[in-house]
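Structural overview
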Amino acid sequence: MTDTRRVPRTWPDDWDQRVGGDGCAMCAQGRPDEDELGIRVYRSDTADAYLQKADVGQRGYCIVIWRGRHVAEPTQLSDTEAGVYWDDVLRVARAIEVHYAPAKLNLMMLGNSLPHLHTHVVPRYVDDRDPGRPPRFMDPGAKTPALPIEEVRRDAAKLRELMEGQIAE
Ligand SMILES: [Zn+2]
């Protein structure tokens with residue numbers, strides 16, 4: 001459909017290229033066991049999951065990242081791939097439930113700044129600051145100090161243990 005209205009573009013000029021994988025940091029990174037943002041707690045043929053180091057007010061915040069060719073949307077996966085990826089996400093989410101006992105889990109596929117398929121798994125707690133609403137740390141420009149690293153490492157070890165046998169080293 002051709003839209004002849006003149007509207008100011010708000011998304012980056014190179015957005016289509018980024019959706020196609022140009023300069024994709026999640027493809028280029030090579031999935032290390034740890035980076036500045038997180039510690040890997042899960043790895044399969046189709047996904048990696050990283051426990052985040054930032055103190056976003058939601059202890060246990062993990063990001064599950066599609067492993068394989070560059071994919072921006074879950075709609076680009078085959079039905080089989082989508083099913084396997086969902087299994088990955090649920091495996092991580094269940095470990096988070098067991099370890100952190102949250103009041104609610106938020107599973108979010110956004111990718112509005114980095115369009116490589118990934119899912120935010122965000123445990124919510126009865127004392128968090130945004131009851132009934134999306135987690136505030138998703139707001140652009142939100143400040144995120146680091147959690148004590150030893151606490152993150154302990155939690156990462158426990159999550160790995162809960163998903164034992166799922167991490168192919
Ligand atoms: Zn990518």
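Everything that follows concerns the structure shown earlier in this document.
Residues numbered from 1 in each chain as written. Predicted model: local features only at pLDDT ≥ 70, side-chain atom pairs only at ≥ 80, totals over all residues.

Topic: the overall build of the chain
- Looking only at helices and strands, the chain features four helices and five strands.
- The C-alpha radius of gyration of the chain comes to 17 Å, within 12% of the 15 Å expected for a compact globule of 169 residues.
- By principal-axis analysis of the C-alpha atoms, the chain measures approximately 55 × 35 × 25 Å.
- Classification of the 169 residues of the chain by burial places 27% in the buried group.
- Taking contacts inside the chain between residues at least 6 apart in sequence as the whole, the part at least 24 apart equals 59%. (Helix = DSSP H or I, 4+ residues; strand = E, 2+ residues; numbered from the N terminus. Rg over C-alpha atoms; globule rule 2.2 N^0.38 Å. Buried ≥ 20, exposed ≤ 12 C-beta atoms within 10 Å, placed from the backbone. Contact = placed C-beta atoms within 7 Å.)

Side note on the sheet that holds strand β5 (residues 118-124)
- With respect to topology, five strands assemble into an open sheet ordered β1-β2-β3-β5-β4, the strand pairing being antiparallel. Edge positions in the open sheet fall to β1 (38-43) and β4 (104-108), since each of these has one partner strand only. Strand-to-strand twist of the sheet, defined as the mean angle between neighbouring strand axes without regard to direction, takes the value 25 degrees.
- Packed on one face of the sheet, helix α3 (residues 79-100) meets β1, β2 (47-52), β3 (62-66), β4 and β5 and runs near 20 degrees to β5. (Pairing = 2+ DSSP bridges. Axes fitted to C-alpha atoms, helices over the stretch in contact; angles between N-to-C directions.)

Quick word on unusual backbone geometry
- We note that R31 has phi near 55 degrees; this positive angle belongs to a residue other than glycine.
- Along the chain, R31 turns up in the loop between α2 (25-28) and β1.
- Given 14 C-beta atoms within a 10 Å radius, R31 is considered partly exposed.
- In this model, A101 sits at a positive phi of 50 degrees, which is unusual for a non-glycine residue.
- Judged by local crowding, A101 falls into the exposed class, with 10 C-beta atoms found within 10 Å.

Thoughts on α3
- Its 22 residues place the ends of α3 31 Å apart at the C-alpha level, agreeing with the 32 Å of an ideal helix rising 1.5 Å per residue.
- Packed against the buried residues of α3 are β1, β2, β3, β4, β5 and α4 (149-162).
- Positioned one or two residues after α3, A101 has a phi angle of 50 degrees, which is positive. (Expected span 1.5 Å × (residues − 1).)

Description of the packing of α3 against α4
- The contact between α3 and α4 brings their axes to 9 Å, and the two run at 120 degrees. Taken together, the axes of α3 and α4 are oblique relative to one another. The element α3 and its partner α4 pack so that their crossing is right-handed. The segment α3 lies against α4, with A95, V98 and H99 engaging D155, K158, L159 and L162.
- Along the lines of polarity and charge, the residues of the contact of α3 with α4 split into four nonpolar, one polar and two charged. (Parallel < 35°, antiparallel > 145°, perpendicular 65-115°, else oblique. Left-handed = near helix turned anticlockwise from the far one by under 90°. Nonpolar A, V, L, I, M, F, W, Y, C, P; charged D, E, K, R; others polar.)

Here's the deal with the environment of C27
- When you line up the elements, C27 lands in helix α2.
- Sequence separation between C27 and H70 is 43 residues; the distance between their C-alpha atoms is 6.6 Å.

Quick word on the nonpolar core
- One finds V41, A49, L51, C62, V64, V92 and V121 to be the most contacted residues of the largest nonpolar core, which totals 28 residues.
- Contributions of two or more residues to this core are made by β1, β2, β3, α3, β5 and α4.
- Considering every element that reaches this core, the biggest residue donor is α3, with six residues.
- In this view, A49 contacts R40, V41, Y42, C62, I63, V64 and V92; residues no more than four positions away in its chain are not counted. (Core = buried A, V, L, I, M, F, W, Y, C linked by C-beta atoms within 7 Å.)

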